[in-house]
Every structure is written in structure tokens, then in C-alpha cells.
Amino acid sequence: MKTPLQPVNPATLEPLEIAEQATDAEIDEAVSEATRAMRTGWSRDHRLRVQSLNAWADLLSDHSSELADDLVRETGKPIGEARKEIAGAIDSLRFNAGLARLPLGRAAGLPDGSEAHLVREPVGPTVFITPWNWPVLLLLRDLAPAFAAGVTALVKPAPQTTHITRRVIALGHRAGVPPEVLHVLPGDAEVGAALVAHPDTRAVAITGSTEAGQAVMSAAATTMTRPLLELGGKASMLVLADADLEAAVEAAARAAVITSGQMCMACTRILVHADHAKDAEELLRERLAASTPGDPRDESTDLGPLISEAAVNKVLNAVDRAREDGGVLVGGEQVHPDGLAGHFLTPALVSELDPRSPVVQEDIFGPLLSLEVFDSDENAIELANATPFGLAAAVWTRDLTRGFAVARELQSGTVWLNGYNHSYAEMPSGGVRMSGMGRTRGVEGVEQFTELKHVHFPVGL
């Protein structure tokens, strides 16, 4: 008997469509089909992949309104953010459709007169484990470059967003991606582990918590399945003494509440020079107090609910700890806007915490922003690097030479200067340290899903 998966609408707590967990037999059958499909025309026919990716983008565009509504219902994100997610997924498909025809590898003559060709071949059947917070964009951010490389795919969505993942993949099949090339296998972590440890899967891409990534690494070790991991974050914004304080604070406040703070690149720490600490505190109080939770279906809402009661409790525990160790300046309270029963919290601003505090060190994954103070650029760098994470950071300054020098010292996969949350299909992204390994997006994202082979042959020897 199959195990049912029962998601709920995080804004209303109403039950959503039940999904059924994939069985061991279904996993084996899907992996077998994906393995056989690697030997068919899909991996060799660049034009087919180009046509399929572009047609998929067209279908997403045609159905963008319904998909955005599904995102709101399943994730609780505001409708405006849902539309941006669909647009980003379309852009990923279109960009990687072009890369599908890019010749990869290189050739060179060797000192003895022989030739060496470095050939990039698709890595093989690949597992994609996707999160609930940005389920469409983060699926296609990884899947589109993987398809450009020519792999076959086994998608394990988060149980909460199985329905929309199925809809998106069904559109992919309509666009020309063969069913044996693209599979969806719903379930919990056990299904993901079974796919990763399967002897016939060759790579895994996961976006999730650091703990989830560690579990995937453990499962992957049994068969040496290659991992691409984008994991938790503790992103800092460094506001140097010469920066435009008001613009930086505005950007930090917006970035702290994106997806209600449930995003690996959300801004969780703002580091301000001591000369501007008081002004920063007043501006942040005002900005975060104005960011009130609301019905995510409403066009004016920019802050929706958290995904679950457990997520709310984790943030509330962090707020309590911050109150004990330092101070809570505003927010961190449960509310029910418009009479909705869901998991809503006002965004919290905390301060005066020791850098070793769990509130500073741990990935809280909610609308909580820590205000911290430094007295020099060196001190700011030291504070920013003081957590085990390294996914994203930002530096604000009017002196770009100074900003670039600081950016080079930050242990982070992405650093923005005088901005935040600027991501592009053209540019690779990923984390260092406990935030993961490998890179997605860009040409590097396509290469991530290839194996490099050296083919050597003599010429006139």
C-alpha cells in the first residue's frame, strides 16, 4: 500500500491534493528507463534538446497565471513573488536551450606529435531533489543545464510541492521531452536516498538544508554518485562607513523577508559601522515594522506565511534566545491577517548578540534579521566569515575599489556590491563550506553535468 503525502495550504491550513510516495518498484523502473534512455537519441540530438527546452519555456509562459496561483497555494509565497519565480524558470530554459548546441571540450597537440582530445560527455541518469520554497525555478535552474548537457532525469520533489512539480514536468513532456528521459518520483527523504544510492544513478543535484545535503552525501558515498549541493546560508550584508545607509537598509529589509525569510540567500545579518549603528537601527525598525504579513493572494502583500508550525516554532525559539542574549527591537510575533489560520509571523529585528550566539551561527530560515556593529573593514570581514556558511553576501560602499577588496576576502560563493539578490542564468552560483559544493547556472552549470574524458591518438607516428 502506498504512503499518502498530505500537504496543506500554509496560509489557510486547508488540505491540498494528496500525493502518493513512490514505491521501490517504481524507483527501479524509472531508473532503468532513464538508464536505457541515455543510449537513445536524446543525449546525442542537440537540436531535439534545443527544441524541447524552448517549447517548454513557451508552455510555461502560456500557463504562467495558473502556475503562479499553484505556487501561492502550495508555498504561501505572495503572488508577485510567484510570478517572478515562473519568469525566472522560463529564462533558465531559454538560456540553456542555446547552450545545448555549445561544443564542449578541447583538443591540443602534445610534445611527441600525438593529439589529445578532451571530450565532455553527459554524466548519466541524474537525481534532482528539489525544495518547496522555490520549486519551479530551482528545479529548472538545475534541470535546464543538465538537459543541455544531455542527461536523463529523476526528480524527487518536496512533498509540499509535488502537485506543481508534476504540472511543470507534464508541460515538459508536452514540449517534447520523452517520458523515459524525465521522471517524477514523489516522496520523503527515503525516496531521495534510494535514488541517490541506486547503482545506476550517476549524479545528484539537491537544493536544501545543510542537514539534507549531508544525508545526500552519505547516501552518494555508497556508489560514488557525484553531488551538486546548494545548501543552507547565513547571508551577511556589510554596510561600510561610506555607504548609502538608507539604500542599504532598504535592500536588507526586503531581502530579509523574501519568501518570509525561507530562502537560502535571504539576508539574515546586517553589519553596520559603529558610526551609523543608531541610524541603521531606527531605519530598520521602521522598515521591518511596515512589512506586515498578509494574504499571499493579495497583490499588495509582500510577506506571506511560513511553511509549517515547526518553522514558526524554530523562529520563535530563536527570537526568545535573542531576547535572552541580546535584544529584540521589533517583531517576532504570531499574527493572523485577514482572519487567516496560517503560520504568519511579523519580521524580527534582533541586536547586541555575541557572534557565537546560535541566532547568529545557525540557519534559522525565517524572517529574522540580526543587526551587528563593526569598527573597521577588517572587523566586518572577520564577523561576516565567522559562521560555517558561505552562500551569499553583499557589500555596500561608494568606493567600488574598496568594495571589491572586501568582497575578495569574504568566504562566499556570491558577493553583490551595492545590491542584493541579483541572480542570472548566465552566471554560476553555489556555496562554499557548509553551504555546499559545485556550481549551477552558466556554462559551468552545463559542465557540472558532464564527465571529462581524455581521448589520445597518434598522428603520423
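Rules and cut-offs
- All residue numbers refer to positions counted from 1 along the written sequence of the respective chain.
- Confidence filtering applies because this is a predicted model: local features only for residues at pLDDT of at least 70, side-chain atom pairs given and counted only at 80 or more, and all residues used for totals across whole chains, interfaces and linings.
- For the side-chain quantities, the full set of heavy atoms in the structure was used; hydrogens and water were omitted.
- Axis lines are fitted through C-alpha atoms, for helices just across the contact stretch, and the angle between N-to-C directions can take any value from 0 to 180 degrees.
- Secondary structure counts use DSSP, requiring at least four H or I residues in a row for a helix and at least two E residues in a row for a strand, with both numbered from the N terminus.
- In this scheme, roughly parallel covers angles under 35 degrees and roughly antiparallel covers those over 145, while 65 to 115 is roughly perpendicular and the rest are oblique.
- Two helices crossing with the near one rotated counterclockwise from the far one by less than a right angle form a left-handed crossing, whereas a clockwise rotation gives a right-handed crossing.
- In this analysis, two residues are considered to be in contact whenever any of their non-hydrogen atoms come within 4.5 Å of each other.
- Gly falls in the polar group here, along with every residue not listed as nonpolar (Ala, Val, Leu, Ile, Met, Phe, Trp, Tyr, Cys, Pro) or charged (Asp, Glu, Lys, Arg).
- In what follows, salt bridge is the name for a side-chain nitrogen of Lys or Arg lying within 4 Å of a carboxyl oxygen of Asp or Glu.
- Throughout this description, buried means an accessible area under 20% of the type-specific maximum (1.4 Å probe, protein chains only), exposed means over 50%, and partly exposed covers the range between.
- Note on patches: the residues involved have over 30% relative accessible area and no salt bridge, like charges join within 9 Å, and the nonpolar side chains Val, Leu, Ile, Met, Phe, Trp and Tyr join within 5 Å.
- Using a 1.4 Å probe, accessible areas were evaluated by the Shrake-Rupley method; residue-level cover was limited to the displayed protein chains.
- Strands are treated as partners if at least two bridges between them are detected by DSSP.
- Segment limits for the domains were obtained from an automatic or database-derived domain assignment.
- Once two parts are put together, the accessible area they lose, assessed with a 1.4 Å probe and summed over both, is termed the buried area.
- As used here, the term nonpolar core means buried Ala, Val, Leu, Ile, Met, Phe, Trp, Tyr and Cys residues forming a set that is joined through side-chain atoms within 4.5 Å.
- UniProt positions are given in the numbering used here, feature names are shortened, and annotations may be inferred rather than shown by experiment.
- Pairing of aromatic rings covers Phe, Tyr and Trp, the last through its six-membered ring, and needs centres within 6.5 Å; plane angles under 30 degrees mean stacked, over 60 mean edge-to-face, and all others mean tilted.
- By definition, being over a ring means that NZ of Lys or CZ of Arg is both within 6 Å of the ring centre and within 35 degrees of the ring normal.

Engineer: Which residues make up the packing of helix H3 (residues 46-62) against helix H7 (residues 162-174), and what values do they have?
Structural biologist: Direction vectors running N to C along H3 and H7 enclose 130°, while the axes themselves pass 8 Å from each other. The angle between H3 and H7 places the two elements in the oblique class. Crossing hand, H3 versus H7: right-handed. Residues Trp56, Leu59 and Leu60 of H3 lie in contact with H7, whose contacting residues are Val168, Ile169, Leu171, Gly172 and Arg174. Counted by class, the contact of H3 with H7 contains 6 nonpolar, 1 polar and 1 charged residues.

Engineer: So, the pattern of salt bridges: which residues are in play, and what are the values?
Structural biologist: Under the definition given, this model contains 22 salt bridges. Residue Asp70 is joined to Arg167 by a salt bridge in which the shortest nitrogen-to-oxygen separation is 2.8 Å. Of this pair, Asp70 sits in helix H4 (residues 64-75) while Arg167 is found in helix H7, placing the two residues 97 residues apart along the sequence. The class of Asp70 is buried, set by a relative accessible area of 3%. Between Asp142 and Arg141 there is a salt bridge; the shortest N-O distance is 3.0 Å. By relative accessible area, Arg141 is classed as buried at 3%. The structure contains a network of salt bridges with shared partners spanning Glu66, Asp70, Arg73 and Arg167.

Engineer: Go over a nonpolar patch on the surface with me, naming the residues and quoting the values.
Structural biologist: Taken together, the side chains of Leu400, Phe404 and Leu417 make up a nonpolar region of the molecular surface, amounting to roughly 280 Å² of accessible area. The class of Leu400 is exposed, set by a relative accessible area of 52%.

Engineer: I'd like a rundown of the sheet that holds strand E4 (residues 115-122), residues and numbers included.
Structural biologist: Each strand in a sheet pairs with another by means of backbone hydrogen bonds, the pair being arranged parallel or else antiparallel. Judged by pairing direction, the sheet is antiparallel, and its 3 strands sit side by side in the order E3-E4-E20 without closing on themselves. Looking at the sheet topology across the chains shown, the edges are occupied by strand E3 (106-109) and strand E20 (450-457). Neighbour-to-neighbour, the strand axes of the sheet open up by a mean angle of 20°, direction not taken into account. Alignment of E3 against E4, held across 4 bridges, turns out to be antiparallel. Residue pairing in the sheet places Ala108 in a bridge with Ala116 of E4.

Engineer: Would you mind going over the domain arrangement of the chain in detail, with residue names and values included?
Structural biologist: One can read the domain layout of the chain as domain 1 (4-231 + 435-458) and domain 2 (236-417). The C-alpha centroid of domain 2 is placed 31 Å from the C-alpha centroid of domain 1. The contact between domain 1 and domain 2 buries some 1900 Å² in all, and 62% of this surface belongs to carbon and sulfur atoms. Applying the counting rule to domain 1 against domain 2 returns 1 salt bridge. A salt bridge links Arg83 to Glu299, with the nearest nitrogen and oxygen atoms 2.7 Å apart.

Engineer: Which residues make up the nonpolar core, and what values go with them?
Structural biologist: In terms of nonpolar packing, the biggest core is built from 49 residues, with Trp56, Leu60, Leu140 and Phe147 touching the most fellow members. Those elements that provide at least two residues to this core are H3, H4, helix H5 (79-99), helix H6 (135-149), strand E6 (153-156), H7, strand E7 (182-184) and strand E8 (203-207). Ranked by residues supplied to this core, first place goes to H6 with 9 residues. For Leu140, the contacting residues outside a window of four places in its chain are Trp56, Leu60, Ala89, Ser92, Leu93, Pro145 and Val168.

Engineer: Lay out unusual backbone geometry in plain terms, naming residues and giving numbers.
Structural biologist: The general pattern is negative phi for most residues beyond glycine and trans for most peptide bonds. Positioned with a positive phi, Ser260 is a non-glycine residue whose angle comes to about 55°. When you line up the elements, Ser260 lands in the loop between helix H10 (245-257) and strand E11 (267-273).

Engineer: Describe the sheet that holds strand E17 (residues 392-396), naming the residues involved and giving the relevant values.
Structural biologist: The strand order E12-E15-E16-E11-E10-E17-E18 describes an open sheet built from 7 strands, whose pairing is mixed. Where the open sheet ends on each side, the last strands, each with one partner, are strand E12 (327-330) and strand E18 (414-417). When strand polarity is set aside, the average angle formed by the axes of neighbouring strands in this sheet is 25°. The sheet contact formed by strand E10 (residues 235-239) and E17 spans 4 bridges and is parallel. Note on E17: the bridge partner recorded for Val239 is Trp396.

Engineer: Let's hear about the UniProt feature "domain: Aldehyde dehydrogenase" (unreviewed entry) in the chain: which residues, and what values?
Structural biologist: The sites that UniProt annotates as "domain: Aldehyde dehydrogenase" (unreviewed entry) are residues 6-455. Helix makes up 42% of residues 6-455 and strand 18%, and the two end C-alpha atoms of the span are 51 Å apart.

Engineer: Can you lay out the packing of aromatic side chains for me, pointing to particular residues and giving the numbers?
Structural biologist: Counting across every chain of the model gives 4 aromatic pairs. Relative to Phe147, the ring of Trp42 has its centre 5.1 Å away and its plane inclined at 80°; by these criteria the two rings are edge-to-face. Placement of the pair is Trp42 in helix H2 (residues 41-44) and Phe147 in helix H6, with a sequence separation of 105 residues. Each member of the pair, Trp42 as well as Phe147, carries the same accessibility label: buried. Ring centres of Trp416 and Tyr420 lie 4.7 Å apart, and the angle between their planes is 45°; this geometry places the pair in the tilted category. Like Trp416, the residue Tyr420 is buried in the burial classification. The ring centre of Trp134 lies 3.7 Å from the NZ or CZ of Lys77, which sits over that ring.

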